[in-house]
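What the coordinates show
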Amino acid sequence: MLYDWIKALHVISLIAWMAGMLYLPRLFVYHASLPPGSEAQAATFKVMERRLLKAIMNPAMIATWAFGLALAWMSGFYASPWLQAKFVLVLAMSGIHGWLARMVKDFAADRNTRGHRFYRVLNEVPTLLMIGIVILAIVKPGL
């Protein structure tokens with residue numbers, strides 16, 4: 001019974017994390033597209049980006065990791081090749097998370113040097129990682 005509750009909390013936290021991972025680069029697209037002299041709009045984006053990262057994404061990532069590690073330990077799947085592959089993809093997702101956090105700081109300090117097209121492409125990376133993670137978790141291929 002406890003395992004099912006932890007699994008549910010893992011999925012819930014993952015959904016929250018992924019919502020942020022998909023939305024934050026989209027905010028960057030709009031922020032980077034602002035014309036010069038749009039200080040009020042830029043300030044709004046800075047607040048939205050910071051709040052999304054601090055209030056949703058960071059806690060959701062921590063919870064996803066905590067519940068995921070608990071599931072791996074409780075189930076004994078930690079030695080399975082599919083879970084090890086999933087772990088590599090989740091590490092990559094966490095790295096992207098850290099990179100996005102750095103970009104939030106750059107936008108906040110008006111140090112962004114990239115255009116909106118860069119962020120449109122970046123927006124697809126978490127999606128591709130998520131597809132791989134979900135396939136590994138559901139299908140559990142023998143690799």
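Residues numbered from 1 in each chain as written. Predicted model: local features only at pLDDT ≥ 70, side-chain atom pairs only at ≥ 80, totals over all residues. Heavy atoms only, no water.

1. Quick word on the UniProt feature "transmembrane region" (unreviewed entry) in the chain
What counts, and what does not: UniProt positions are given in the numbering used here, feature names are shortened, and annotations may be inferred rather than shown by experiment. Strands are runs of DSSP state E lasting at least 2 residues, helices are runs of H or I lasting at least 4, and numbering of each runs from the N terminus.
In this structure's numbering, the residues bearing the UniProt feature "transmembrane region" (unreviewed entry) are residues 55-76, 82-100 and 121-139. Helix makes up 95% of residues 55-76 and strand 0%, and the two end C-alpha atoms of the span are 32 Å apart. Structurally, residues 82-100 comprises 100% helix and 0% strand, and the distance from its first C-alpha atom to its last is 27 Å.

2. Considerations on the nonpolar core
This is how the line gets drawn: For the purposes of this section, nonpolar cores are sets of buried Ala, Val, Leu, Ile, Met, Phe, Trp, Tyr and Cys residues that join through side-chain atoms within 4.5 Å. Buried, partly exposed and exposed residues are distinguished by accessible area as a fraction of the type maximum, computed with a 1.4 Å probe on protein chains only: under 20%, between the cut-offs, and over 50%, respectively. Should any heavy atoms of two residues lie within 4.5 Å, those residues are counted as being in contact.
Core analysis: the biggest nonpolar cluster contains 25 residues, and Met21, Leu24, Phe28, Met57, Met93, Leu100 and Tyr119 have the highest contact counts within it. When residues of this core are traced back to their parent elements, those giving at least two are helix 1 (2-32), helix 2 (39-75), helix 3 (81-108), helix 4 (116-122) and helix 5 (125-139). Looking at which element gives the most residues to this core, the answer is helix 3, with eight residues. If we skip the residues at most four places from it in the chain, Met21 touches Met57, Met93, Ile96, His97, Leu100, Asn123 and Pro126.

3. A few points about the packing of helix 1 against helix 5
Cut-off, in case you're wondering: Helix axes use the C-alpha atoms of the stretch in contact, all axes being lines fitted to C-alpha atoms, and the angles between their N-to-C directions lie in the range 0 to 180 degrees. In these notes the angle categories are as follows: under 35 degrees is roughly parallel, over 145 is roughly antiparallel, 65 to 115 is roughly perpendicular, and the rest is oblique. Gly is placed with the polar residues, together with every amino acid not listed as nonpolar (Ala, Val, Leu, Ile, Met, Phe, Trp, Tyr, Cys and Pro) or charged (Asp, Glu, Lys and Arg).
Their axes nearest at 9 Å, the elements helix 1 and helix 5 cross at an angle of 150°. In terms of orientation, helix 1 and helix 5 fall into the roughly antiparallel class. In this structure, helix 1 uses Met18, Met21 and Leu22 to contact helix 5, whose residues at the interface are Pro126, Thr127 and Met130. The residue inventory of the contact of helix 1 with helix 5, partitioned by class, reads five nonpolar, one polar and no charged.

4. Things to note about unusual backbone geometry
The backbone of Asp110 sits at a positive phi, close to 55°, despite the residue not being glycine. Within the fold, Asp110 resides in the loop between helix 3 and helix 4. The exposure class assigned to Asp110 is exposed, which follows from its relative accessible area of 59%. Within the chain, Lys140 stands out as a residue other than glycine whose phi angle is a positive 50°. In this fold, Lys140 is placed in the segment after helix 5. What makes Lys140 partly exposed here is its relative accessible area of 36%.

5. A look at the side chain of Thr64
Short version of the rule: Under the rule applied, a polar contact is a pair of N or O atoms within 3.5 Å (in protein, one hydrogen donor and one hydrogen acceptor; residues adjacent in sequence only if both atoms are side-chain atoms).
Looking at the element boundaries, Thr64 is found in helix 2. Residue Thr64 is classed as buried on the basis of its relative accessible area of 4%. Reaching out from Thr64, the side chain makes a polar contact with the backbone nitrogen of Leu14 at a distance of 3.2 Å.

6. Brief notes about a positive patch on the surface
So the rule is basically this: Patches in this entry comprise residues that are over 30% relatively accessible and not in a salt bridge; like charges within 9 Å are linked, as are nonpolar side chains (Val, Leu, Ile, Met, Phe, Trp, Tyr) within 5 Å. Residue burial considers only the protein chains on display, and all accessible areas are found by Shrake-Rupley using a 1.4 Å probe. By convention in these notes, a salt bridge is any Lys or Arg side-chain nitrogen within 4 Å of a carboxyl oxygen on Asp or Glu. We count Lys and Arg on the positive side and Asp and Glu on the negative side, and we leave His and both chain ends out. Every charge is mapped onto a representative atom, which is NZ of Lys, CZ of Arg, CG of Asp or CD of Glu.
There is a patch of like positive charges on the surface, built from Arg50, Arg51, Lys54 and Lys105. According to the relative accessible area criterion, Lys54 is exposed, its value standing at 52%.

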